[in-house]
Structures are given as structure tokens and as C-alpha cells.
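Chain and residue survey
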Amino acid sequence: MFRLQVFLIVSLGAALGAAVEVQRPRGVPLEKRHFYDESRPFTCLDGSRTIPFDRVNDDYCDCKDGSDEPGTAACPNGSFHCTNAGFRATFIPSSRINDGVCDCCDTTDEYNSGVSCQNTCRELGQKERETLEKMAEITREGFLLKRQLIEEAKQGLQEKQGKLSELQASRKEHEEKVDALRTVKETAEQPEREAKERHLKAWEAQKAALQLEKEKAKMAEVFLELDGDADGLVSVSELQTHQELDPDGDGALTDTEAQGLLSGADKVDSAGFQNVWSNIKDKYVSEVRGPSCLLLKSGETDFWLEVSVHSYPEDDAGDEEDDEEEDDDDDVPEEYDDKVTCHRCRPMCATCSSLPESLEKEISFDFGPSAEFAYLYSQCYELTTNEYIYRLCPFNRVSQKPKYGGSETNLGSWGSWNGPEGSKYSIMKYDHGTGCWQGPNRSTTVKLTCGKETAVLSTSEPSRCEYLMEFSTPAICQEPPSLETVAPETDPHDEF
Amino acid sequence: MVWFLVAGVLLVLNGVRAVDRSNFKTCDQSSFCKRMRTMGLDQSPYRAILETLELSDSRLTLQLINDNNKVRLLLELYRLQGNMTRLKINELKPLRSRFEVPDVLVGEPPTKPLSMVSRDEAGVVLSLGTDAHQLVLNARPFRLDIVEGARVLLSVNGRGLLAFEHLRPRKDTNTQKDSEGEETTEGAQEEGEEREEEEPGMWEETFKSHVDSKPNGPSSISLDFSLPGVEHVYGIPEHAENLRLKTTDKGDPYRLYNLDVFQYELYNPMALYGAVPVLLSHNAQRTMGIFWLNAAETWVDISANTAGKTLSGKVLDHAQVPSDAPQTDVRWFSESGIIDVFIMLGPKPSDVFTQYASLTGTQSFPPLSTLGYHQCRWNYNDQEDVRAVDAGFDEHDIPYDFIWLDIEHTDGKRYFTWDAANFPQPRDMLRGLQDKRRKMVAIVDPHIKVDSGYRIHNEIRSRNLYVKDKDGGNYEGWCWPGTAGYPDFTDPEMRAWWASMFAYDKYEGSMENLYTWNDMNEPSVFNGPEVTMHKDAIHGTWEHRDVHNLYGLYVQMATAEGLIQRSGGVERPFVLTRAFFAGSQRYGAVWTGDNAAEWGHLKISIPMCLSLGLVGISFCGADVGGFFKNPGPELLVRWYQTGAYQPFFRAHAHLDTPRREPWLFGPQNTALIRDAVRQRYALLPYWYQLFYHAHRTGEPVMRPLWVEYPQDVATFTIDDQFLLGRHLLVHPVTEQGSQGVSVYLPGVGEVWYDAHTFRRHDGDQNLFVPVTLSSIPVFQRGGSIIPRKVRIRRSSTCMENDPYTLYVALSPQGTADGEIYIDDGHTFNYDRQKQFIHRRLTFANSSLSSSNLSADSQFTTASWIERVLILGGQEPSAVTLRTADGSRSLEFEFDAATSVLTIHKPGVNAGSDWTVLLQ
């Protein structure tokens, strides 16, 4: 309540000051009133000079600091105080006094220019209050969401760390097991051979069936994904959205090449796609990484364990050749050749193939002071404009794709937090995107604003190949100063 | 803007960043240039047939005959008012009429009586008004000499290089009827033709994949001029070249052929965007000019010679020239048209400017605001972008007057339209600028998208106003919009229609504060020969070959007319053009095209604009920062500092460059740029006054030093510094990492004052001036008075009523003079209703007074005299102001360290009579 009263008095005083010219020279803020005493000579505020008081605001600059002409444009460095009752008091450069442009909402800057200004302070004040209130509400709610995010991130991190050490442990355990089995194998090779062969056969059959089923499911999934226009056919241009399928590795999947992959056809249906699939499955990289990975990360189905379980333990121990074959088929990194195959995961999600590494990587990201930005990891957000679909995958990359077909352009990969000192986490920088002709590589600056929703608000290209995105997220919301004081502080304006 | 698409491909192929020379013809690749240039230096085959001489009051006609082919030419000689001679040569009986350039001269030049002094078998002598000035015509071979007393000023055909390819029927169509028409010279002409026909490229010419069908065959012309005693010649813009022209014996001649040159190179004679066929010669005694009025492809050879080698014939009876005297020979040759030459005899530089202005007019008087700073970029993306950049200037307290929109603002490069997504409410945007008293320029190029849904295209097509191809269909070429038609701006009906399109109700979204930029008007045709129009395209009855260099002038002429008409003839227009010709000064401003962010390009902006100023085009500037590539902060700052002191001050940048608004390079560089722009705004009263003078007299605003110091040989080659009017000398820093510049201060017995420190320096010396990044070496001549407005505001319009500070720089004799010019800043009322203030400011005998220079004009201003600075002054005991109302004493202070006397607040109206006395 005390704060409120002080504010009232100041505002009233200011309003009176503006109305009654005698009280202080034009353009002087109330708090400097005492420097301008008309009964005494005026000393420039920098102390450089003393002049008769009638030379204050006489439209001739006497003081180097401009302090003798607060209400005229005579000094190059002067400033003029607008009281702006009903809104916010402000200073404007004195060069804007009587320049024919309305600057102060209370019109006081244009007292002799012939231009007629409207007093808009009340409107502006109203508008500002509304905006502030809205902002305050967003901040309040956003901050609550942020707290939640922090909490979740904390748990997530613990889980991940737990999982990582578990994985590392299990890997160790497996290695130990392998050693043990090898010993067993060496000692009990002979008696076990028969049983093993039988066992192996059954296992092979089961594995093949499983594999086929998985393959089919995968193929269907890819078909749907490729069929961008959902016409039940995969066309050359749809295939071309996957440049990684380029057979000659020159980086461009030409029409002819794409047609080749489609066995010479322009379009294929799902039945015809079987042949195509065998052409492309080794290279195909799915676009729907986010959700797949998220699924894995959340740990709802313990995919990791599943993979471990269905690999036949003795397989590795017993048959080196088979092992190598699997290597070829699945292109599994060597360090996991024994247990850690990732059949299902790999084609869907390139980043999952080395799960412990990706976990380590994720854990090592700077997700903000309280990891409040962790929830953005592996997510993607899109914004569709007139021409393009923009996609922001935080901590990964930004891309742009023409709305009506054409290949995707990389607008930058995750670089760093790039905000100014004190608000480092307000800006994300993505760089080293696709190069521009005669220009730099594309890059994107993502400005974060406080919002309840997580969404890309706008995109622009202020400079060629330098993109700017506005992204709202609760994670950037600051703690409101005090939920109780925000509202009353703006109220007194209503009384004017 | 540039030929981006095709050039881009070439660039990738060639892997080079400079101009692709193979796109543009060398003299060898231009068949007439090659033919002309390989012509022998034998004796001229032309002889004057004196019996045919006819002399009326002001005109002499005489037939010339080529003794090799018996083709007769008709020579016309005129003595023009203002010490000029006009020389026209055409075929006596051409097969078809030959093109004579219309619309460039402001009128038929007034003549003066021409009288015969003597006549004999060898030739005639004519008087050019005074006894001393005579024109000596030698009959065999034909040559003309202009003499002054015993001095030969200029010789025509002294080297016998007059050539005139007469029009002839095509061999395969050389029917009976044609030969019958040949009359008396028939037999000999046939014989002559036999020989000439052997030359290649006369009837068809191929350049790269482009075929020029040349239905009219060879038609080129040539003439040489000798300038005894001359070692310095200037002009013939536009070339990326030093101020002083070089001799061309070792390479190609200077070429004049308006072309869209992608990434032009410096210091070479290649043609650029514009052409003004005017050459100035200068020595310590005399300045002269040669104006070659021809709009076809033109080349100019310059060689150094000695006078004795070319002196012959009748002139030897009249004049003696030391045979070893230096001489400059100039030879012009053009592909078609006639020989029409104006010889401007000076003798002073200012006389040549007046003479040339009397022929082609003066610089249009621009709205005051256009002398402020212009912020441009390809492109400001949308209305929000424009708003944000506008706000940026306020936030950083940098004044500007115009923000510009390049081609992307249109709906698919359909000019006169707006992109619906990015500029949905152009009037709102323009009103937003108007509220800040600022303005906008939007681009309107002359290529018109061929699109049946585009009103402009449909109307031009239905009115049959497009340029035609050789087969009579509408000519089409590629440009920004894809396939485009090219309106025939040589047609007055087309120009009138075009002008009407700028009416506010026709040009949707336009308002009073929207002005126009004509780019690509060479014309640029991406898939045409040399990136321009095919020479066999048809403009009415003429080939493009005949009118090429005029196209750009006509585009700007029609646009300027449109801006005048839309205001009911009240408001002055502003139109920027890239292509230009002699006379373009009447229609607005030009810039030096698509330069690059390189120190060399910054440096060459000075001679390029100086050369343009010498031939009438004062409103010149270069893209600040450089169009292509990215300037580092130092180059950008130096470019702002240089541009602030050049007539047209606009920053511009290529689409592919990173943003470079003045505040994007850190606070220190922002402050440096702010300071440079503010210096510009403080000097706007002086700039405006200089443009008023340029408009009245034709004198350049930005001048080479030799123009004001014509006898000082040391100034003749200086092009790293220049004068603004007579009073300011500017030596911009154009070297990277510069620690100082050597400034030549001219004038024996004169003094100069550093414009920033007021320190006084003697004239006639090279002064080393140490510089920091904030330095712009500028000096005010002792003896001058310059009015400034030191209250810098958001835009020039905001400063309209602000008071003046007078900078009185005393000569060693303690005198100074200057002027002040004030009007409403934007209408024609200064001219039509004589609404202006023009006063002389004089300081002599310790008193400064303001007196009226134009008694019959009337204007009232709110501006007053705020302060007077007397540089090089002494401390008075009292200062008194005298006006019609009486006297009162004024406060003052004297700084002994700098000898600057500051007089406070005379407070008198800037339009009134007053005197300030120092006692």
C-alpha cells in the first residue's frame, strides 16, 4: 500500500507541473526542478558555466551539456522531459522538440511547430496496462509450467543417468558373460554341440519370421511416410525428399536416379513398393526421428532390454561367422557386435544406434540453469508460412522445406546459447547450414520468448541466408517479481 | 541491381568474381570499330567543293566529296551564341534518311552571324565574331582549323580520319531501280563499293550466339580533332577511370554504349551504364569542349602527339604553332547516324559549363530532402522490416530522408504493383513514414512482364507501344520478371502514357512521399547481345542501333514527367537512373551502378562523379558500402564519410549480403557513421545552394580542383580530392588503415581553414593531415561564408524552420563572401512564382552584412540567424547588430587559441537585411 501512495503523489505532481508553466522551465523533470531556480543565475549541470537565468530556454545553447535548453532544440545533446500523465514519463532528444513529429503522448514536445498532436497518453497507458497484465499472466502461468519442467527434467536426468550406468553395467556384465560362456564353450563344446544345433535351427527360423514381419511393418511405415500427398502412390518427387538415397553419392538425387530406384516407374503403389524397398532400405533415413526416440527415451517399453533378450546368447559365443553376417546386415558398430544390436531402432532413428553415447550426449547438453529446456530435446516444432514449412528441432537443427514439394534445406545445426550477458538462454544459435551462392552458410537465430505454449511464432530472413525465428516456451519465463504487487502498481493511472 | 541469373551461372563456370569480359565486345569484335580503327593515316580522301559553298547569315553549307568513291557529303557550319561552333556532316543524298538525335538539345541553338573574311582556291576564312577568332577551311584535303590570333585552338580532320560509310543497297537487292537513283556519282560509287564490300561484318555481324542482321549495311562515321597545346582531356563518362583520360593507343578506345556490366573492373575503357559524349580539354590558357551528338555505339580514341605533325594547309598562313608543342588528338567514331559536333570554345571552365548547359540544359533542381541521406537495400522485405529500419534510425539518432524498396516489393516484378503478402498496405507504410516527415523511393524498371493478367503489359501491347523485333513482332527479352517486353520510350505517345501511370489513382498504393528509381534502363536484356537489346530491334522507323544510348534518358524523362503530372505540376520530381545520356541531368540523379565493397571502388567513386559533373550531371553518387560483397567496418565508415560529401548519398547492398544498417557494427562505428551523416545534414543549406547554382548555370556541384584553379598545373590530375562549389575542399580517406593523407591546398596567397578544428593553413602547399577513423579532411576556403544548420534532426524536412549558423572564413585580406538560398524545398514555386530568398553575405571592413540578390523574388522563412563564427578573426571590443529596427549590441566570445570569434544570437530573420559590426 505504501508504494502505491508514493506513486500517486509523484504522478499528481508531474501533472500539475506540466500544466502550470511557472513551476519549472519547459522540459525539466520534477526531480531536477531545484536546479532551475529563477531567482538565481543558472549553473550548467556539468558546472562548466553560470549564466543569467533568462538564458535558460532562450533557444540559444550556452551549456556544453545542453542543460540550459531543456525545452528547446538549441543544444545538440539536450533532452526533453515528457511528463506523459496517464502513461509513462520519458525523455526525448531535444532535437525532436518542434520538429513536426509528435513524440510525447502528452503533445508537449510540439508546442511551436504548427503540427497538431493528439494526447494519446490515456490510451497508451490503458493499452500498456493491458499488455502488462497479459504479460504478467503469461509470465505467471509460464513460470508455473517452468517449475514443472524443471522438476520433470530433474527426474528425467536421474533416470537417464541411472539408465546409462545400468547400460554400462549390463554391457560389462555381458562382456563378463561372454568370457564365462567362452570358457564354458571351451570345456563343454563336445557334449553341447548337438543340443546347440537343434536349438540354433529353431532360433534361426524364429528369427527369420520375426525379421520378415518387422521388415514388412517397416516397409509399410516407410511407404506411408514417403507418400507425402497420401495418394496411395510413391512418386519420383516424393522419393526425392530423401537425398540420402542418391545412388551415385554426388549429393543430388536426380529424376533419373529416383526413377531408377522406382524400377523405371514414375509412381509405385504399396505392392510395387516391395521391390523399391529392397533398393533403398539400407540407405533410408526416416524423418520421424523425434517421436521414435522419445518413445525410447521415455522407457515405457524397455526396448533396450528387448533387444538384448531376443539375441541368442550362445549364438555369439558359438558362431563367429553368423556374427559377421549380422554385422553386414545391420551395419552395427563394432563395439556392440555381441549383444547390443538395434534392429528396430536403427532404421527409424539414426541417433539411437549408439544409445549409451546418445544418452551421454543428451546428459551433457546445456539445458539451462535448471535443465528447464531439456523437454525440447528430440522434439520438433513447425511453422507453415506462405511458401515454406519451417521446422525447429531444438538442440538439433533448423530446416526449411517448400510447401509445395522440393527438397529440404538445412538452415543450421545446433551451435550454442547466444544471448547477451545476463540472458544467455534467450537466444539459440544454429549455424553451418547449407551454403548460399556467393554467401555464407545458412544460419538461424532463435529468439525465445515467454509463453504458455511451446511453438514457433514467426520466421524471417532479415539478411540473405541469416534466418530469425521467434519461439515461445514457458522455460524462458522469469519468476514474476511478486505476484501480489504487479496488479496494484498499474492501477493508480485509472484515476487520472 | 545486376544481371544476376545468367551472370551467376557464368560466374560459377568461370570461377572468377570480376567482370566477364567475354560478354562485352572489344573494338576488334565490333566490326565498324575495327574497320574504322584500321583505316590508314593517309591523306584524307575528302575535299571541299568550294563552288558549292553557300553562306547565309548564320549558316554555311558546302559539299565534300570523297575522291575515292565520289560520294558527296553536305557540311553545315554554324556559329552559335556563346562562343560555340556547330559542325554537321551528312550524306548529300542518302539512300534513306540517317538518324539525327532528337530531344537532347533543349532547343535549336541560337546562332550568330557568320561572315567571310577571305576566300581563295585553297579555301575560305570565316570570322567567329572577333578579329582574333577565325575558322579556316582548307579545301584539299578538307580540314577546319579554329584559330585565335596566331594560335590554333582546334583542328578538325587534321589527321584525315573523317570517314562516312554512305548507305547503299544490299548487293542481292541492288536492282535496276536502285542504280537509276544513283544519279551523277553512280559509276564511281559502284566502283568504290566494290572495294568496300570486301570488308567483313558490314551486312551481318555475329557476337557470341547473337546475330545482328544489319539490314541497312554499314553506316558508321568518324572524325578526328587535334588539340594543340593540350595535354589533359576529361569527360566522356561513364567509365571506371581516373579523372584525366588516358591515351588509348595501346588498348581499346573508350567505349560509349550503355550496358549492364556485372561486377565492373576499375581503370579500363569498357563501356558502363551511361554515356555522355562530351570531352573537355584543358590547359593553363583555355578550357574547351567537344560534344559529339550521336546516340549509337561510339568509341573515342585519345592519343598524344606533337603539334607539328598534323599542321598543314591553309592554316599555316594564319597561325604558327611550335612544332614540338604537345598535342592531344581525339577521334570519335559511331556506328550510325550523322556527324553533329558542337565545339565549345570556353575559354574559362565556367564558360564551357555555360556553353554546354545552353545546349542540353542544366541539372534539375532537386527537392531539398533528396540531398539528405538515403537508406537502400535489395531488399527491405516487408512493411514490418521498413518500420523496424525506420525505427532503428530514431533509436540510434541518425537522420535520414528516404528509405528505398528494390524489385522484391512488387508482385512478381510487375512494376507499379506491390507484393500482396509483404506489402499489403503500402499507403499505411507511406503514412507511417510521412508522420516522421520521411519519404520512400520504389523501383520501377522499364522491362514489362509479358503476362496477360498484368494491366501495364496489356495496355502497352494493345496500344502497340512495345519495341519491335526485326521481324515486326513485339521484342521480348529476359529480365527480372522472366520474359519481358520493352516499351518504346523513344515514342512520345509511350512516354505520355507512362507518365500518366504515376497518377495516384493509377499507381495503386502510391502517395506524395513515394518517388521513383529507374534501374536496368540501358536497357538490360539478360539474354541479349552484351546483355542489352538487339541492334536490329525497331523503334518506329529507326533501328535500336541508332537510338541505343538514348533509351535510358527517355525512361527517366517519362518517369520524371509522371511525377510532375501527378501533383498537377506543382511538385519537383525525384528519379534516380542508372543509364543516361547527354541531357539526362534535366531529369534527376544518377548513380555509378553496381560497384563492390572494395577500397578501389570507394576511391574511384570520386573521379567517376567528377567526370559526370564536368558534363552537366551533378547529382551523382556511388552505392555507399559497395553493392556487391561485404564491407568491413572500416571500409563502411570511410564510405559513409566519403558519401556524406558527394552529391547523391545513398547506401545500397546486394540481396546476398548480410545486413549493414549503420548500427550493426558496434557502438563505436555507429557513432562514426552518425557523425558523418550529421555533417551532411548540417551542410544541407550549402548543398541546396550549390544545386540551385548548378540548376541556374550548369556549373558542377562537385568539381575537380582545376575548375577553380585553371592555371595551377598541379591540380590538373588530382582526383583523390575535390571541391564542393568554390568554398569547400574535401579529401576523403580512401585507403585502408590510413594514418594520414596528403592534401593539396591550392591558391597562391590563399588560406584554408580546417572545417573541424578551424586551424588555418596556407594555400599552394601539400599538407600532410594525420587522420584517425573519425577524420574527414574538409577545408573551407579563406574568403568564403558557408551557412549551416547545426540542429540536426530526424530528417531534412524536420529542419526546415531551424536557424542558421554562418561560418565566415576570412581571407588574408580580412574579407569573405557567400550566399544563402531558401525556398519551400519541394515545389516549382521558386521558378514559376519567384518564391525564394537569395541573399549575398559579405564580410569586409569588419562588418558582415546580408543583402538581397534577387529583388523581384518573395518568400518568407521562419529561419533566423542563430550564430556567426568568424574564422581567422580578431577579438573586437564590441559587436553591434544593425537592422531596419535599429541597433543593439550582441554578445560574443573569442577563442584566442583558434582565432575564432563566436557571435551569439543575432536573431535576425534569414530573409532580412542586416549588418553586424565588429568594433
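Conventions adopted
- Residues numbered from 1 in each chain as written.
- Chains lettered and ligands numbered in written order.
- Predicted model: local features only at pLDDT ≥ 70, side-chain atom pairs only at ≥ 80, totals over all residues.
- Heavy atoms only, no water.
- Helix = DSSP H or I, 4+ residues; strand = E, 2+ residues; numbered from the N terminus.
- Rg over C-alpha atoms; globule rule 2.2 N^0.38 Å.
- Buried < 20%, exposed > 50% of the residue type's maximum accessible area, 1.4 Å probe, protein only.
- Contact = heavy atoms within 4.5 Å.
- Lys, Arg positive; Asp, Glu negative; His and termini not counted.
- Charge placed at Lys NZ, Arg CZ, Asp CG, Glu CD.
- Buried area = accessible area lost by both parts, 1.4 Å probe.
- Salt bridge = Lys/Arg side-chain N within 4 Å of Asp/Glu carboxyl O.
- Pairing = 2+ DSSP bridges.
- Axes fitted to C-alpha atoms, helices over the stretch in contact; angles between N-to-C directions.
- Parallel < 35°, antiparallel > 145°, perpendicular 65-115°, else oblique.
- Nonpolar A, V, L, I, M, F, W, Y, C, P; charged D, E, K, R; others polar.
- UniProt positions renumbered as here; feature names shortened; annotations may be inferred.
- Domains from an automatic or database assignment.
- Polar contact = N/O pair within 3.5 Å; in protein donor to acceptor, adjacent residues only side chain to side chain.
- pLDDT = per-residue confidence, 0-100.
- 1 Å grid on protein atoms, 1.4 Å probe; cavity = no way out; pocket = protein on both sides within 12 Å on 5 of 7 lines; lining within 4 Å.
- Points joined across faces, edges and corners; volume = space filled by probe spheres on them.

**Quick notes on the overall build of chain B**
Looking only at helices and strands, one finds 17 helices and 52 strands in chain B. Against the compact-globule benchmark of 29 Å for 919 residues, chain B has a radius of gyration of 28 Å, which places it among compact chains. Taken over the C-alpha atoms alone, chain B extends approximately 90 × 70 × 50 Å along its principal axes. Put simply, chain B has 919 residues, and 66% of those count as buried. For chain B, the proportion of contacts with a sequence separation of at least 24, taken over those separated by at least 6, is 73%. Charge separation in chain B, taken as the distance between the mean sites of 90 positive and 117 negative side-chain charges, equals 3 Å.

**Quick notes on the interface of chain B and chain A**
Size of an interface, as often reported, equals the accessible area lost when the parts are brought together. Contact residues are listed per partner, giving 34 residues for chain B and 26 residues for chain A. Between chain B and chain A, the buried area comes to about 2,500 Å², and carbon and sulfur atoms account for 41% of it. When the buried surface of chain B facing chain A is broken down by residue, Asp656, Arg793 and Arg794 of chain B rank first, second and third, together holding 24% of it. Here chain B and chain A share 7 salt bridges between them. Residues Lys905 of chain B and Asp58 of chain A are paired through a salt bridge, measuring 4.0 Å at the closest nitrogen-oxygen approach. Elements with a contribution of two residues or more to the side of chain B that touches chain A: helix H1 (5-14), strand E47 (865-871) and strand E51 (900-904) of chain B.

**What to know about the sheet that holds strand E26 (residues 482-485) of chain B**
Residues and elements named next belong to chain B. With respect to topology, 3 strands assemble into an open sheet ordered E24-E26-E25, the strand pairing being antiparallel. The sheet is open, and its two borders are formed by strand E24 (448-449) and strand E25 (476-479), each paired with just one other strand. Looking at chain direction, E25 and E26 are connected through 4 bridges and run antiparallel. Note on E26: the bridge partner recorded for Trp478 is Thr483.

**As for the packing of helix H14 (residues 666-682) of chain B against helix H15 (residues 684-697) of chain B**
All names here are of chain B. Orientation of H14 relative to H15, taken along the N-to-C sense of each, is 55°, at an axis distance of 5 Å. As judged from the angle between their axes, H14 and H15 are oblique. Contact residues: Arg680, Tyr681 and Ala682 in H14; Leu684, Pro685 and Trp687 in H15. Taken together, the residues of the contact of H14 with H15 sort by class into 5 nonpolar, no polar and 1 charged.

**Details of the UniProt feature "domain: Glycosyl hydrolase family 31 C-terminal" (unreviewed entry) in chain B**
Look at the UniProt record and you will see "domain: Glycosyl hydrolase family 31 C-terminal" (unreviewed entry) annotated at residues 698-786 of chain B. What you have in residues 698-786 of chain B is 4% helix and 38% strand, and the ends, taken at the C-alpha atoms, are 21 Å apart.

**Here's the deal with the domain arrangement of chain B**
All names here are of chain B. Assigned domains within chain B: domain 1 (23-167 + 200-260 + 276-310 + 329-346), domain 2 (370-443 + 494-519 + 547-706) and domain 3 (709-918). Between domain 1 and domain 3, roughly 610 Å² of surface is buried when both sides are summed, and carbon and sulfur atoms account for 58% of that area. Summed over the three residues of domain 1 that lose the most area to domain 3, namely Leu243, His282 and Ala284, the buried surface amounts to 58% of that side. Linking domain 1 to domain 3 there are 0 salt bridges. Along the contact surface separating domain 1 from domain 3 lie 4 residue pairs in polar contact (both at pLDDT 80 or more).

**Notes on the sheet that holds strand E21 (residues 373-375) of chain B**
Residue and element names in this part refer to chain B. The sheet built from 8 strands is open, its strands ordered E32-E31-E30-E27-E23-E22-E21-E33 with parallel pairing. Only two strands of the sheet have a single neighbouring strand rather than two, namely strand E32 (620-621) and strand E33 (649-651). Together, strand E22 (402-405), strand E23 (439-443) and strand E27 (514-518) form the strand contacts of helix H7 (residues 426-435), whose direction differs from that of E23 by roughly 140°.

**Remarks on the confidence of the model for chain B**
Close inspection of predicted coordinates is inappropriate in any region flagged by low pLDDT. Residues and elements named next belong to chain B. For chain B, per-residue confidence averages 94 on the pLDDT scale, and residues scoring 70 or more make up 95% of the total. Counted against residues more than four places away or in other chains, residues 1-16, with its pLDDT under 50, gives 46 contacts. Note that pLDDT drops below 50 for residues 174-195; the model gives that stretch 20 contacts with residues more than four away or on any other chain. Two summary scores accompany this predicted model of the complex, namely pTM at 0.83 and ipTM at 0.89.

**Some remarks on empty space enclosed by the protein**
Residue and element names in this part refer to chain B. According to the stated counting rule, one finds 12 cavities of 30 Å³ or more in the structure shown. What the second largest cavity holds in volume is close to 130 Å³. As for the second largest cavity, its lining consists of 15 residues, and the residues nearest its centre are Lys25, His210, Asp212, Pro529 and Lys535. Elements with a minimum of two residues in the lining of the second largest cavity: strand E11 (205-207) and strand E12 (210-212). Split into classes, the residues belonging to the lining of the second largest cavity amount to 5 nonpolar, 4 polar and 6 charged.

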